[in-house]
Amino acid sequence: RIAAFPIGIDPARFSQALDSEKVKFHITELRKRFAGRKVMLGVDRLDIIKGIPQKLLAYEKFLDENPSWKDKVLLVQIAVPTRMDVPEYQQLRSLVHEIVGRINGKFG
């Protein structure tokens, strides 16, 4: 027997949320806050296989090589912690914090 078991978000739920006054207010606030800038949004579990450090390093390299983009683009990375009782994941979290701190220090 074969069946489909979708993994991820419920698209209908997110579409319905757009009709909420609270969500509309937040969207308006975010549009004002980031007006004139490109926003890259990453939402991932903080997992070894997700490549979050590599994404951050690529963003840092882009800004290093393209300084005119400093005030035109930003990366918002939401990383949900997982398995924080495992030492490798604690090291990953520390590494991500270190890279984010360096990027914010250089370009923030």
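Note that the coordinates shown come from a computational prediction; the quantities given were computed from them, not determined experimentally.

**Student:** I tried to follow the pattern of salt bridges on my own but got confused; where do I start?
**Tutor:** Under the criterion given, the structure shown has 9 salt bridges. Several salt bridges converge on common partners, so that one network encompasses Glu60, Asp64, Arg102 and Lys106.

**Student:** Would you take a moment to explain the nonpolar core for this structure?
**Tutor:** Generally speaking, soluble globular proteins have nonpolar side chains that are buried together. Ranked by size, the top nonpolar core spans 14 residues in total, and within it Leu46, Ile52, Leu56, Tyr59, Leu63, Val96 and Ile103 carry the most contacts. With 5 residues, the single largest contributor to this core is helix α4 (residues 87-107). Once residues within four sequence positions are removed from consideration, Leu56 is found in contact with Leu75, Val96, Ile99, Val100 and Ile103.

**Student:** Hey, could you run me through the side chain of Glu60 in this one?
**Tutor:** Checked against the element boundaries, Glu60 lands in helix α3 (residues 52-65). Side-chain polar atoms of Glu60 contact the side chain of Lys106, separated by 3.1 Å. Among all residues touching Glu60, those that are not within four sequence positions of it are Arg102, Ile103, Lys106 and Phe107.

**Student:** What exactly am I supposed to notice about the packing of aromatic side chains here?
**Tutor:** Using the criterion set out here, one finds 1 aromatic pair in the structure. Note that Lys72 overlies the ring of Trp69, its terminal NZ or CZ placed 5.9 Å from the centroid.

**Student:** What am I meant to see in the side chain of Thr82 here?
**Tutor:** On the secondary structure map, Thr82 appears in the loop between β2 (73-81) and α4. Since its relative accessible area comes to 17%, Thr82 is described here as buried. From its side chain, Thr82 meets the backbone oxygen of Leu46 in a polar contact 3.1 Å long. When near neighbours in sequence (up to four residues on either side) are disregarded, Thr82 contacts Arg45, Leu46, Asp47 and Tyr89.

**Student:** Which parts of the structure should I look at to understand α4?
**Tutor:** With 21 residues, α4 should cover 30 Å at 1.5 Å per step; its first-to-last C-alpha distance of 30 Å lies within 8% of that length. Buried within α4 are the following residues: Tyr89, Leu92, Val96, Ile99, Ile103 and Phe107. With its buried residues spanning 85° around the axis, α4 presents them on a single face. Facing away from the buried surface of α4 by more than 90 degrees, the exposed residues are Gln91, His97, Glu98 and Gly105.

**Student:** What is the right way to look at the packing of α3 against α4 in this model?
**Tutor:** Helices that pack against each other are described as a pair by the angle of their axes relative to one another and the distance between those axes. At a minimum axis distance of 10 Å, the contact between α3 and α4 shows a crossing angle of 15°. What the angle tells us is that α3 and α4 run roughly parallel. Pair α3 / α4 crosses with left-handed handedness. Note on element contacts: α4 touches α3 through Leu92, Leu95, Val96, Ile99, Val100, Arg102, Ile103, Lys106 and Phe107, opposite Ile52, Pro53, Leu56, Leu57, Tyr59, Glu60, Leu63 and Asp64. Among the residues forming the contact of α3 with α4, the class breakdown is 13 nonpolar, no polar and 4 charged.

**Student:** For this particular structure, what's the right way to read the pairing of strand β1 (residues 38-46)?
**Tutor:** Remember that side chains alternate between the two faces of the sheet whenever the strand is regular. As judged from the 9 bridges shared by β1 and β2, these two strands associate in the parallel manner. From the neighbouring strand, Gly42 faces β2, where its bridge partner is Gln77. In the classification by handedness, the crossover that spans β1, the intervening α3 and the parallel β2 is right-handed.

Rules used in this analysis
- Residues numbered from 1 in each chain as written.
- Predicted model: local features only at pLDDT ≥ 70, side-chain atom pairs only at ≥ 80, totals over all residues.
- Heavy atoms only, no water.
- Salt bridge = Lys/Arg side-chain N within 4 Å of Asp/Glu carboxyl O.
- Core = buried A, V, L, I, M, F, W, Y, C linked by side-chain atoms within 4.5 Å.
- Buried < 20%, exposed > 50% of the residue type's maximum accessible area, 1.4 Å probe, protein only.
- Helix = DSSP H or I, 4+ residues; strand = E, 2+ residues; numbered from the N terminus.
- Contact = heavy atoms within 4.5 Å.
- Polar contact = N/O pair within 3.5 Å; in protein donor to acceptor, adjacent residues only side chain to side chain.
- Phe/Tyr/Trp six-rings, centres within 6.5 Å; stacked < 30°, edge-to-face > 60°.
- Lys NZ or Arg CZ within 6 Å of the ring centre and 35° of its normal.
- Expected span 1.5 Å × (residues − 1).
- Arc of directions from axis to C-beta.
- Axes fitted to C-alpha atoms, helices over the stretch in contact; angles between N-to-C directions.
- Parallel < 35°, antiparallel > 145°, perpendicular 65-115°, else oblique.
- Left-handed = near helix turned anticlockwise from the far one by under 90°.
- Nonpolar A, V, L, I, M, F, W, Y, C, P; charged D, E, K, R; others polar.
- Pairing = 2+ DSSP bridges.
- Right-handed = clockwise from strand over helix to strand, strands pointing away.

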